[in-house]
Amino acid sequence: MTTTVKALANLSRRVARKFHRLFSRIFRKAEMTFGLTIAIPPFVKMEIHFKKTFVPANDNHRPRRRRSA
């Protein structure tokens, strides 16, 4: 029973690490845009836009060293 629990724990860590590696590059270059438009017909129309580019906190980390068998 403990080997099954250990195997599931290891599997969950590996899956989480793979998801992080897959999606971290996508979110590293993410942008978010908000827009707000207020209109009072027929004369006044005001638009406000906000664009935020997300920069990672530490993008210059060294890759992990793999141990050779």
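These remarks concern the structure in this document.

Cut-offs used in this document
- Residues numbered from 1 in each chain as written.
- Predicted model: local features only at pLDDT ≥ 70, side-chain atom pairs only at ≥ 80, totals over all residues.
- Heavy atoms only, no water.
- Patch = residues over 30% accessible without salt bridge, like charges linked within 9 Å, V, L, I, M, F, W, Y side chains within 5 Å.
- Areas by Shrake-Rupley, 256 points an atom, 1.4 Å probe, with all protein chains shown as cover.
- Salt bridge = Lys/Arg side-chain N within 4 Å of Asp/Glu carboxyl O.
- Lys, Arg positive; Asp, Glu negative; His and termini not counted.
- Charge placed at Lys NZ, Arg CZ, Asp CG, Glu CD.
- Helix = DSSP H or I, 4+ residues; strand = E, 2+ residues; numbered from the N terminus.
- Buried < 20%, exposed > 50% of the residue type's maximum accessible area, 1.4 Å probe, protein only.
- Pairing = 2+ DSSP bridges.

Details of a positive patch on the surface
Move 1: On the surface, Arg 14, Arg 17, Lys 18, Arg 21, Arg 64 and Arg 66 cluster together into a patch of positive charge.
Move 2: Assignment of secondary structure puts Arg 21 in helix 1 (residues 2–28).
Move 3: Take Arg 21: its relative accessible area is 33%, and that puts it in the partly exposed class.

A short note on a nonpolar patch on the surface
Move 1: On the surface, a cluster of nonpolar side chains totalling about 740 Å² of accessible area is made up of Leu 36, Ile 38, Ile 40, Phe 43, Val 44, Met 46 and Ile 48.
Move 2: Of all the secondary structure elements, the ones that give two or more residues to the nonpolar patch are strand 1 (31–40) and strand 2 (44–53).
Move 3: Position of Val 44 among the secondary structure elements: in strand 2.

Some words on the pattern of salt bridges
Move 1: Summed over the entire model, instances satisfying the criterion amount to one salt bridge.
Move 2: One salt bridge connects Lys 45 with Glu 47, and the closest N-O pair in it is separated by 3.7 Å.
Move 3: Using a relative accessible area of 45% as the deciding quantity, one classes Glu 47 as partly exposed.

A short note on the pairing of strand 2
Move 1: Looking at chain direction, strand 1 and strand 2 are connected through 10 bridges and run antiparallel. Looking across to strand 2, one finds that Phe 34 is bridged to Phe 50.
Move 2: Linking two consecutive strands that pair antiparallel, namely strand 1 and strand 2, is a turn of three residues.

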